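Observations on the three-dimensional arrangement
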Amino acid sequence: MPADASDSTTVEVQNETGVDIGAARRALGDVAHEPGSKKPDPIVVADGVRRMFGGLIAVDVEHVEIQRGVITALIGPNGAGKTTFFNLLTGFDRPDAGEWSFNGTSLGKVPAYKVARMGMVRTFQLTKVLSKLTVMENMRVGATGQKGEKLRSAMFAPLWRGQENANTERANGLLERFLLIKKKDDFAGSLSGGQRKLLEMARALMADPELVMLDEPMAGVNPALKQSLLGHVKSLRDEGRSVLFVEHDMDMVRDISDWVIVMAQGKIVAEGPPDAVMADQRVIDAYLGAHHDTDISEEQEEQILAAAEAEIAAKQEEPQ
Ligand SMILES: Nc1ncnc2c1ncn2[C@@H]1O[C@H](COP(=O)(O)OP(=O)(O)OP(=O)(O)O)[C@@H](O)[C@H]1O
């Protein structure tokens, strides 16, 4: 079902984080469908962010704002600069120019681990679960602000143990939610591709982030697990988090996004709600021009079938 603002399951829901989910989504109704459009309540704002690799301009984002409390998809053909932009926003790479902020705080020189602690957590295209650690150990690695990390705090072991108990409790809750609890003592390396994606998402939530950034969450996931992953992503929004995800699976983008941002050749080239963006000729050109595993639409399929049937009928009518 398309995620529109009239979705009765989420409208008027006020959750423990204080974000009125329905309001955040409805507010997008007044936002212009154009690259760099201003959002009513942005959680991320980026200006003039540019990253060169040799002579190649991988990212050249003039201005972009990510609305708080909604699901935003970042789409674009292969090599458009989506992952590089993710890396820059989260401190895993440094730009040649530009500035960006999270909750109004400039992140220009903030290292990745601090960005995560500030509440902006990401997952990776190729999952980075630590295969030689158990599922539970992976979850513990995801917890930030652990007092046990610091020597000074280690002197206050009871305090540290308290933290560890809280982490274990939180990890158990998340593993239940992501249907991984029975695997908690298995090595992460023994999980299927889809389960690793689930573990990565669960681990990201150990830090209780405000913004969850997912890089191709559906890649390598079997159809059965896809539905469950979609549900999990929606539940992140429904508990008041903001979600920004990169994805090539257009069904997923159409199904769960409140807003779609399109990149091509490093730049933002279009923005809007999913239906409007996917009907935009510039987007179709940018996508079909460079990305080849896009499914044809039902309408296109019908047109092709009708043309084939007409051709067969015409041949049958030809004099032998
Ligand atoms: N470390 C690097 N060194 C050199 N070039 C790079 C590096 N990382 C990315 N690039 C180049 O920058 C451009 C943008 O790549 P990026 O991976 O960000 O695109 P993308 O939109 O995420 O693509 P995909 O959808 O295929 O993952 C590409 O031309 C890529 O080859």
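Residues numbered from 1 in each chain as written. Predicted model: local features only at pLDDT ≥ 70, side-chain atom pairs only at ≥ 80, totals over all residues.

- For the protein, an unreviewed UniProt entry supplies the name ABC transporter ATP-binding protein and the organism Nocardioides iriomotensis.

Some remarks on the overall build of the protein
- Along its length, the protein carries 12 helices and 10 strands.
- By residue count, 38% of the 320 residues in the protein fall in the buried class.
- Across the protein, contacts joining residues at least 24 apart in sequence account for 70% of those joining residues at least 6 apart. (Helix = DSSP H or I, 4+ residues; strand = E, 2+ residues; numbered from the N terminus. Buried ≥ 20, exposed ≤ 12 C-beta atoms within 10 Å, placed from the backbone. Contact = placed C-beta atoms within 7 Å.)

Observations concerning the site of the ligand
- Taken together, Phe 53, Leu 56, Ala 58, Gly 76, Asn 78, Gly 79, Ala 80, Gly 81, Lys 82, Thr 83 and Thr 84 are the residues near the ligand.
- Sorting the residues of the shell around the ligand by element identifies β2 (56-67) and α2 (82-89) as the ones contributing at least two each.
- Per element, the largest residue contribution to the shell around the ligand is 3 residues, and it comes from α2.
- The class makeup of the residues in the shell around the ligand is 4 nonpolar, 6 polar and 1 charged. (Near = placed C-beta within 6 Å. Nonpolar A, V, L, I, M, F, W, Y, C, P; charged D, E, K, R; others polar.)

What to know about the environment of Gly 119
- Relative to the elements of secondary structure, Gly 119 occurs in the loop between α3 (112-117) and β6 (120-122).
- Here Gly 119 falls in the partly exposed class, since 18 other C-beta atoms lie within 10 Å of it.
- Considered as a pair, Gly 119 and Asn 103 are 16 residues apart in the sequence and their alpha carbons are 9.4 Å apart.
- Ignoring anything within four residues of it in the chain, the contact list for Gly 119 reads Pro 209, Glu 210 and Leu 211.

With respect to the domain arrangement of the protein
- In terms of domain boundaries, the protein breaks down into domain 1 (21-129 + 191-317) and domain 2 (137-186).
- Across the contact, 15 residues belong to domain 1 and 13 residues belong to domain 2.
- Contributions of two or more residues to the side of domain 1 that touches domain 2 are made by α3 and α7 (193-205).
- If you tally residues by element for the side of domain 1 that touches domain 2, the top one is α7, at 8 residues.
- Tallied by class, the residues present in the side of domain 1 that touches domain 2 amount to 11 nonpolar, 2 polar and 2 charged. (Domains from an automatic or database assignment.)

Some points on the confidence of the model for the protein
- Of the residues in the protein, 76% reach a pLDDT of 70 or more, and the chain-wide mean stands at 81.
- Taken together, the stretch residues 1-13 has pLDDT below 50 and engages in 20 contacts with residues farther than four places along the chain or on a different chain.
- In this model, residues 290-294 is a region of pLDDT below 50 whose contacts with residues beyond four sequence positions or in other chains number 8 contacts.
- Predicted complex metrics record ipTM = 0.97 and pTM = 0.79. (pLDDT = per-residue confidence, 0-100.)

Considerations on helix α8 (residues 223-238)
- Along its 16 residues, α8 runs 23 Å from first to last C-alpha, staying within 8% of the 22 Å computed at 1.5 Å per residue.
- Buried within α8 are the following residues: Leu 229, His 232, Val 233, Leu 236 and Arg 237. An end-on view of α8 places all buried positions within 145° of arc, on one side of the element. What points out from α8, more than 90 degrees from its buried face, is the exposed set Ala 224, Gln 227, Gly 231 and Ser 235.
- Of the residues one or two after α8, Gly 240 is the one with positive phi, at around 100°. (Expected span 1.5 Å × (residues − 1). Arc of directions from axis to C-beta.)

Section: the sheet that holds strand β4 (residues 97-102)
- Pairing is antiparallel in the open sheet, where 4 strands are placed in the order β2-β1-β4-β5. Of all the strands in the sheet, just β2 and β5 (105-106) have a single pairing partner and so form its edges.
- Relative to β4, strand β1 (residues 42-53) runs antiparallel, the two being bridged by 5 bridges. Bridge pairing links Arg 50 to Ala 97 in β4. (Pairing = 2+ DSSP bridges.)

What about unusual backbone geometry?
- Residues other than glycine seldom take positive phi values, yet Leu 179 does so here, at roughly 55°.
- Note on placement: Leu 179 falls in the loop between α6 (157-177) and α7.
- You will see that Gln 265, though not glycine, has its phi angle at about 50°, which is positive.
- By secondary structure assignment, the location of Gln 265 is in the loop between β9 (259-264) and β10 (267-272).
- With 17 C-beta atoms packed within 10 Å, Gln 265 lands in the partly exposed category.

Focus: the pairing of β9
- Within β9, 6 of the 6 residues are buried, which leaves the element mostly enclosed by the surrounding structure.
- Side chains of β9 alternate between two faces, with Trp 259, Ile 261 and Met 263 and Val 260, Val 262 and Ala 264 buried alike.
- Note: strand β3 (residues 71-75) against β9, 4 bridges, orientation parallel. Paired with Ala 73 across the bridge in β9 is Val 260.
- Sheet analysis places β9 next to β10, joined by 5 bridges and oriented antiparallel. The residue bridging Val 262 from the neighbouring strand is Ala 270, located in β10.
- Between β9 and β10, which pair antiparallel in sequence order, lie 2 residues; one of them, Gln 265, sits at a positive phi of approximately 50°.

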